[in-house]
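Chain residues, written in single-letter form:
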Amino acid sequence: RREGDHIHLQTTSGMDSSPMITSSGTINLNNSINENFGATGRRATRHTIFETRRGDFFIVSSLRSRNDYQLFVITPECGSLEMVNLDKEEDVKNWIKQRGIQIKNKTEAAAIIGYFVIGSFAHLLIATKVRANLIFIGGHVVYTIEEKLWMKIPLTFYQGIAHLTSVPGTSSSSNSPTHKMEQKNVELMKDFPVEGLHFYCETMDVTRPFPSTHPVGDPDPDFCWNEWLAQPFSRIGMREWAVVLCQGMATARTLSPSNSAPSSHSNVSNQSSPQNSENPSEKNQSEKRNSTNEKRSSSFSLRNSFGMDAPDPLKSSENPTNNTNSENAHYPAYEIPFTVALITRKNQKHPGTRYHARGLNEKGGAGNEMESEMIMWTGKESIKWTSYVWRRGTVPIWWGTEIKSQFQVGETDLVIKEKPYDKIEIYYSDLMNRYDTNKLTIFNMLRCGPKGNETLLSEHYAESIRLIRKKLPVDVKLINFDWHHNLKQLGHGNAIPGLWNLLKTPLLESDVSSGEIFLSNSIENSSHFDEKSEEKEGKEGESKEKEKSTLLNCPNGQFALFHSLKRQDGLIRFNCADSLDRTNISTFFGSFQIAAEMCRRLGVGPDLRDTELAGVQNNGWAFLDLPLDKVVALLESGGLTQTLAEFFVMNGDVCSLLYTNSPAMHSTLMREYAPGMSAAPHDTLVTIQRRYQNIYLDQARQTQYEMMLGLNLNKYFPSIANERFNPIECVSRFPSWSIKPFPSLLPLPAETLMRPSQNFCWVCPSGYDITELYIYLTEPCVLTELCIVVQHGTSDDSNPTIVDLFSGPYLDQLNVVVQGLVVPRCASGTQLYYNINSSSRDDSAIYDFNLGEESLSPLTRVVQIIFRGLPADVNMTLGKVELFGFVNRPASPHSSSTKLAQYVLDHQTGKLIQRIDELTLPHDSSLDSSREEEKLIQKHEEKEGIEKEKQETENLNEYEAKAVQVFKMGESATFMDLLELEKLRVSHWISPQARDNTLIQLQRLEGAEKNPNILEFFNPNRFAFPRDEKHELSLRKNAPNQKKCDQCGEAMGLLSRNRQCCYCYGRFCSNCFASQPAKIIEFMWDKPQMVCKSCFQMLSHQEQLLKNIKQIGENAKIRHYKENQNKNYELFLNVQHAQSMKSKWNDLTKKSVSVAEFPTAGILFSVPTKETSYPAESILFPFDSVDLNWHWSAPQGTRSVNIGIVLSVESSVSKFCLLVDPLGYTDRDAPEIKILLGGDYANLRNAETWNLRDSLNGGKLQFKDTIEHVFSAPQNCRFISLQLTLPDRLDNLDASIHLGRLMIYGVPNVGGLMNHVNPLFNVSQGDRTKYEQTLKVAPHRVRNVVSPLWQSLRSGRKVLDIHVEPNPLIGFSVQVKHGEEGVDTQVKSIRLVGINTNSKGETQSVHQIGKFVIPKTKVNTELYFDFDHPSVSNIITVEFLCNYGGFELVPPKISLFA
């Protein structure tokens, strides 16, 4: 809607104002996705955020710089972004229509500022109201943000799994798994003031001085304030869709000839000031000016919220240009309009508030550091321009101030840090590099009297400059100008000329930048303008040689040839104590001279021809010698005085608000030059306001600064600190693929288990006691969590109770991740989250059975999940299964492209050098002998490799044989037996991964069904658990009191019987009793105990074994990591990262596209590969980002190879296209390719045979030749198997199979993206009836709650003792509890120990019932666990072993069942 001069966006909700599905089935999006082109044919940028009735969110974007549409899907699980590129509006409508999406709400935005995810919420920051304050040459619009909106988007990941705490500004039902501190920080961050203090430009780089030739997507990081917030867009190569946010102000005004009525779309003097005015008269004046301004703006239209064309001052004087002066301003006498602009950018290297960001920091950044730039231009097709840049900031040394008293204004102490000049070389180097100059002038306005803090600071400042002259080749001049002293002694009429006199030399030396810009409607005309500019330059005889011209396109459709004639050579930096009020005044009056010189250069502004100052017109910087009143009079005649005053008053307020959260002080002098401006706020009131801010609010504002920039994430958002570049994603969502069918009572694809389907319960036919789900993930990744949604009918007996999980890069290289994970029974719809990368780790163990292998392979692509634990006659039921992890993505995909290019260059350079050596080196017999030695060494290494592989096989066989012996011992296997087996493993350098894969194979042995978790059987840690000293004492006391020694049988006296072994409880004589204590590892006691000699020898041996296992295991861990590291790891990641620049779903709406490009496509099975070859995945590497020389080769002698290719998405494949690799083909090695394909691996059909020999041209195919195979009919499939076979010939025994780049073309089916069709929609009525009846089966299991006699917590609430009647207990329940920190405080692992006592309360026996993993779930959820065998005990001890990382461990409620 129109509101004055603003672009104002509104949020609509409800079906009345939302896009509707009409009766004809079409979706009405006319108010949301209409064409929004202006009169010039250029549309304005618009982002529309849609919320569907299912609670999903997606963004439809149309950028001003493009003609297509982008659709960003916010994945409902983790909030990651997925992009679909669409050509036109109709494609957007069809995309929504095909998925049956119903719109609930929509919100429109002019710009996306940032996006981040915390816990179960995503937060999107958008600009809903912006003002076009500056319009550069060619139509580049700089917008100031007037209104922002934070959108809170709920996610399903961990949804509701949190402590029920409310945060101010949120409802109590908005739960999050993040810490309470994080929730408060998010709300605090949202209050960061963006409005009126930040600006952006979509089409030109404004983070550098004008004119910058850098692309918008390559901002200067020191002046970009949303780089962290924009990272989610950068990770998918879409940085341009989140604007580059600058902090500060940007404004402009076009001063027109007096005979032309001005028009404007905004006004500097009327612009909403960063602070609110409470003066009623000022408010009335503002309303009057706004009313006048709106009348002037009526000459142009706003088509919709974004339909405003960028005002173009070069097209027509009727169109608005930049901000015009106010009603009382004087117009110049010249008949030439010109534009003056002021931009101030704040540096973010040392962000923060007044008392928290002064001086330098570790990065070499100075507090309150800003860059200001004045630009002036005039002309239409040929535009002349000038600019001048200066800096301002606090004194760049290490210093600060401390407030003496909270009640006395101005009472502060200056503090000079211990190393005041540390990092100063970084600061000055940054200045030199940014401005390409070593001429710096420091204009210091600190007080220089004999007393005072500022004098001491000035002295250190001067010393730092003397030091930097020695460290760097920089010409630094220091000018001291005590503003307060000079103003008091001389008055402003004389003080200001004194200021100009000191600035004269640096201004003359640096001079202004100047140049010309030629606008053209075509590139061809640019050469004409280039020649014209050279002629003009020759005539004018510029002193500085011409800079190189740059041709850029403009948003208004024109081309601009930027032609620099003169570049500013030097920099002035202004400072006072805080770089606020004195700096504002000095730069304001300094701008008089800069503006006057710019007018002289351009021939605009004051008309000096008929005045006594006519000679000044041809003398550079001659205004410096004029008195103040004459300079002011001349600038007033040109309309500049009021313009500059309004600019710098606003600039001062912006700088002050950002640093002190208060308006600028001492601005009365500036306001005198703009009669229409309101009065300045009283300095005393501002001083009090600043002191209040400093004491009570600055710490919170400092926190806001750091959070907005993504600094100190460990402090503010610890849950995402490790996810800065790799946030958690749902890696099993569309288009993940089920490799094999999954048994189902209904005719449904297995992918249904992984797709959003609310409350859907998957039912397996009876007869399946074990089911296997094979998942091919969306991209190579690192797995972190498994989520199982429990679904069942009236009985919870149908849910599987045990889960095994395997993963790996290929289907035939799966490794054990989790084995025997017990899944509790619970209510239908319960979400259970397991940390699969550490679920098998025993946090209370005597040592890490997995030797620290906490993280999985970053190339994990295939996952196998086995569900078991039910009788075969029960219909197994399941809910949604999700896998979470992170994909290794770079902060910028461009960096990976660079690494990939370097990888290619290094590889090719090595090959080239080797070839040059072969061709150029003269023949030398010594070289021949050297090569022979190399061949012998190579053969020796190959022989060693074969012997090493043989030895590894023998070691593994020996370990397996020993493991079988231990396994057959069953329950008689001891702690010592398992330690001996583990010692054998580490001694043979067998990795935990190889061990687990070997032990899993033992499940085929007879009796293995008694051990559902075979890995736990071989884990020595199962014997070790803390023994209660009281119970142990009771056990020893009740042991038989023999009169003879249990070892030698010698009779013992009454006193000798007290020698009792603490391990075996036997009584021994002095000869059979150990003289020193031993550590009992199984009891997990720190203090050694007295034992018999036999036990002492065994326990000592155990301790030595464990020490050796740990020592050898730690060394082996490094070796295993290096050996198992895929040699192509870096290569895969760089290709994957480079492809992140492309949309994952880019152009998938076209008729035929490549549907098999790595990394979205991949190889299902490992492929035999020659040692020096690139991996088999290289045949799927994209054409445009990977060297075409890269190809795959099989080992020499291999006659046939199978390559299984998983497509990016299910597609209707029409043809293959093969780019021949550098080896080429002849009739000796051109293979025959048999093609099999299908929707899953288990049901492949024979498609066709492709014989490459049929494509030989002249008996051969050369590098980069392209051959195609077109199918007779399109083949719908997801998996393709290629069986490559060499010709059956006698002359090709030394040939090898090889392939270059393979492109598979087809029409993809992307209906799964945001497709929420009910799985039962297409099911027949008969099948549905059978399905519903199966879910109504009555429960078989009855749980009787056992009422405890009494129970108590001890050991810091980490141990719970429950006393019950001695009944057979069959299980227990856990009612999950969370603390204030949320789910991190939930108990993760517990151990149950059963204790039997007699009537006297004396302990008779102690046995471990089991250890259980408690998955993350909602608070108060009841989880039911069954014991393997009934336990008859009258005391159950529950140990809470660990939580999920919180500082507090909150014990759950435990109930027992009989």
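Bear in mind that the values here come from a model prediction, so they are computed numbers and not experimental data.

Caption draft 1: Structural view of the overall build of the protein. Along the backbone of the protein there are 24 helices and 56 strands. Burial statistics for the protein: of 1458 residues in total, 56% are counted as buried. Within the protein, contacts between residues at least 6 apart in sequence are counted, and of these 74% link residues at least 24 apart. Approximately 60,500 Å² of the protein is accessible, and the part contributed by carbon and sulfur atoms is 49%.

Caption draft 2: Quick peek at the sheet that holds strand 51 (residues 1368-1375). Strand order across the open sheet formed by 4 strands is 48-56-51-54, with antiparallel pairing between neighbours. Edge positions in the sheet fall to strand 48 (1345-1346) and strand 54 (1422-1432), since each has one partner strand and no second. Of the strand pairs in this sheet, strand 48 and strand 56 (residues 1453-1457) are connected by 2 bridges, and their pairing is antiparallel. Of the residues in strand 56, the one forming a bridge with Val1345 is Phe1457.

Caption draft 3: Seen up close, helix 10 (residues 581-602). Here helix 10 contains 22 residues, and its C-alpha end-to-end distance of 31 Å stays within 8% of the 32 Å for a straight helix at 1.5 Å per residue. Just past helix 10, the residue Gly603 takes up positive phi, approximately 75 degrees.

Caption draft 4: Geometry of a nonpolar patch on the surface. A surface patch of nonpolar side chains, amounting to about 310 Å² of accessible area, comprises Tyr692, Tyr696 and Leu697. Mapping Leu697 onto the fold places it in helix 14 (residues 683-708). On the basis of relative accessible area, Leu697 is assigned to the partly exposed category, the value being 31%.

Caption draft 5: Highlighting the sheet that holds strand 53 (residues 1403-1413). Spatial ordering of the open sheet is given by 49-50-55-52-53, a layout of 5 strands whose pairing is antiparallel. Bordering the open sheet on either side are strand 49 (1350-1354) and strand 53, each of which pairs with just one other strand. The mean angle between the axes of side-by-side strands here comes to 20 degrees, regardless of whether they run parallel or antiparallel. Pairing between strand 49 and strand 50 (residues 1359-1363): 5 bridges, direction antiparallel. Across the sheet, Ser1352 pairs through a bridge with Asp1361, a residue of strand 50. With respect to the sheet, helix 21 (residues 1029-1037) is in contact with strand 52 (1387-1397) and strand 53, its orientation differing from that of strand 53 by roughly 140 degrees.

Caption draft 6: Region of the structure containing the side chain of Asn1434. One can find Asn1434 in the loop between strand 54 and strand 55 (1435-1443). Once residues lying within four places of it in the same chain are set aside, the contact partners of Asn1434 are Ile1362, His1363, Val1364, Pro1366, Ile1395, Asn1396 and Thr1397.

Caption draft 7: Representation of the nonpolar core in the model. Ranked by size, the top nonpolar core spans 93 residues in total, and within it Met376, Phe592 and Phe717 carry the most contacts. If you tally residues by element for this core, the top one is helix 12 (residues 640-660), at 11 residues. When residues no more than four places from it in sequence are discounted, the contact partners of Phe717 are Ile118, Glu182, Asn185, Val186, Met189, Trp228 and Met707. Leu748, Cys764, Val1346 and Val1387 belong to the second-largest nonpolar core, a separate cluster that totals 70 residues.

Caption draft 8: Representation of the packing of aromatic side chains in the model. This structure, assessed with the given rule, holds 53 aromatic pairs. With 6.2 Å between their ring centres and 65 degrees between their planes, Phe210 and Phe562 make a pair best called edge-to-face. Pair noted here: Phe210 is in the loop between strand 14 (198-201) and helix 3 (231-235) and Phe562 is in strand 25 (residues 559-566), with a separation of 352 residues, a long-range link. Residue Phe210 shares its accessibility class with Phe562, and that shared class is buried. Grouping aromatic residues by their ring pairs yields a cluster made of Tyr388, Trp390, Phe588, Phe589, Phe592, Phe648 and Tyr673. Its end group placed over the ring of Tyr1424, Arg1343 keeps NZ or CZ at 4.6 Å from the ring centre.

Caption draft 9: The packing of helix 7 (residues 483-490) against helix 8 (residues 492-510), seen in detail. Where helix 7 meets helix 8, the closest approach of the two axes is 7 Å, and the angle between their N-to-C directions is 135 degrees. What the angle tells us is that helix 7 and helix 8 run oblique. Our pair here, helix 7 against helix 8, has a crossing hand that is right-handed. Between helix 7, through Trp483, Asn486, Leu487 and Leu490, and helix 8, the contact on the second element is made entirely by His492, Asn494, Ala495, Ile496 and Leu499. Along the lines of polarity and charge, the residues of the contact of helix 7 with helix 8 split into 6 nonpolar, 3 polar and no charged.

Caption draft 10: Quick look at the side chain of Thr75. Here Thr75 shows up in the loop between strand 8 (69-74) and strand 9 (81-86). Residue Thr75 is classed as buried on the basis of its relative accessible area, which comes to 1%.

Caption draft 11: View of unusual backbone geometry. For the bond from Phe734 to Pro735, the omega torsion is 10 degrees, close enough to zero to count as cis. Inspection of the secondary structure assignment puts Pro735 in the loop between strand 27 (729-730) and strand 28 (737-738). Note that the residue after Phe1158, namely Pro1159, is joined by a cis bond; omega there is 15 degrees. Topologically, Pro1159 is positioned in the loop between strand 37 (1153-1154) and strand 38 (1162-1163). Not every positive phi belongs to a glycine, and Trp989 is a case in point at roughly 55 degrees.

Caption draft 12: Just the packing of helix 10 against helix 11 (residues 628-637), in detail. For the pair helix 10 and helix 11, the least separation of the axes is 11 Å and the interaxial angle reads 55 degrees. As far as their axial angle goes, helix 11 and helix 10 are oblique. In this structure, helix 10 crosses over helix 11, and the sense of that crossing is left-handed. On the side of helix 10, the interface is formed by Phe592, Gln593 and Ala596, while helix 11 contributes Val631, Val632 and Leu635.

Caption draft 13: Quick look at the pattern of salt bridges. Under the definition given, this model contains 52 salt bridges. Between Lys471 and Glu425 there is a salt bridge, with its nearest N and O atoms 3.4 Å apart. Of this pair, Lys471 sits in helix 6 (residues 453-471) while Glu425 sits in helix 5 (residues 424-435), placing them 46 residues apart in sequence. We classify Glu425 as partly exposed; its relative accessible area is 26%. Note that Arg995 and Glu982 form a salt bridge whose closest N and O atoms lie 3.2 Å from each other. With Arg995 in helix 19 (residues 992-1000) and Glu982 in helix 18 (residues 975-987), this residue pair connects regions lying 13 residues apart in the sequence. With a relative accessible area of 0%, Arg995 lands in the buried category. On the basis of relative accessibility, which here comes to 2%, the residue Glu982 falls in the buried class. Where salt bridges share partners, they join Glu77, Glu82, Arg733, Lys880 and Glu882 into one cluster.

Caption draft 14: Structural detail: helix 8. Taking 1.5 Å as the rise per residue, helix 8 with 19 residues should run 27 Å; its terminal C-alpha atoms sit 26 Å apart, in good agreement. By the largest-angle criterion, Leu503 marks the main kink of helix 8, which is about 45 degrees, and a proline, Pro506, follows within four residues. All of the buried residues along helix 8 are Ala495, Ile496, Leu499, Trp500, Leu503, Pro506, Leu507 and Ser510.

Caption draft 15: Representation of the confidence of the model for the protein in the model. Looking at the protein as a whole, the pLDDT averages 81, with 79% of positions reaching at least 70. Within the protein, the element-level pLDDT minimum falls on strand 4 (residues 20-21), averaging 30, and the maximum on strand 26 (residues 571-575), averaging 97. Below pLDDT 50 for its whole length, residues 163-178 participates in 42 contacts with residues either more than four positions away or in separate chains.

Caption draft 16: Quick peek at the state of the cysteines. As enumerated under the stated definition, the model contains 0 disulfides in all. With no disulfide partner, Cys1061 has as its closest neighbouring cysteine sulfur the one in Cys1064, 3.6 Å distant. By relative accessible area, which is 0% here, Cys1061 ends up buried. Note on Cys1062: no disulfide assigned, nearest cysteine sulfur contributed by Cys1061 at a separation of 6.6 Å.

Analysis parameters
- Residues numbered from 1 in each chain as written.
- Predicted model: local features only at pLDDT ≥ 70, side-chain atom pairs only at ≥ 80, totals over all residues.
- Heavy atoms only, no water.
- Helix = DSSP H or I, 4+ residues; strand = E, 2+ residues; numbered from the N terminus.
- Buried < 20%, exposed > 50% of the residue type's maximum accessible area, 1.4 Å probe, protein only.
- Contact = heavy atoms within 4.5 Å.
- Areas by Shrake-Rupley, 256 points an atom, 1.4 Å probe, with all protein chains shown as cover.
- Pairing = 2+ DSSP bridges.
- Expected span 1.5 Å × (residues − 1).
- Patch = residues over 30% accessible without salt bridge, like charges linked within 9 Å, V, L, I, M, F, W, Y side chains within 5 Å.
- Salt bridge = Lys/Arg side-chain N within 4 Å of Asp/Glu carboxyl O.
- Axes fitted to C-alpha atoms, helices over the stretch in contact; angles between N-to-C directions.
- Core = buried A, V, L, I, M, F, W, Y, C linked by side-chain atoms within 4.5 Å.
- Phe/Tyr/Trp six-rings, centres within 6.5 Å; stacked < 30°, edge-to-face > 60°.
- Lys NZ or Arg CZ within 6 Å of the ring centre and 35° of its normal.
- Parallel < 35°, antiparallel > 145°, perpendicular 65-115°, else oblique.
- Left-handed = near helix turned anticlockwise from the far one by under 90°.
- Nonpolar A, V, L, I, M, F, W, Y, C, P; charged D, E, K, R; others polar.
- Bend = angle between axes of the 7 residues up to and from the residue.
- pLDDT = per-residue confidence, 0-100.
- Disulfide = S-S within 2.5 Å.

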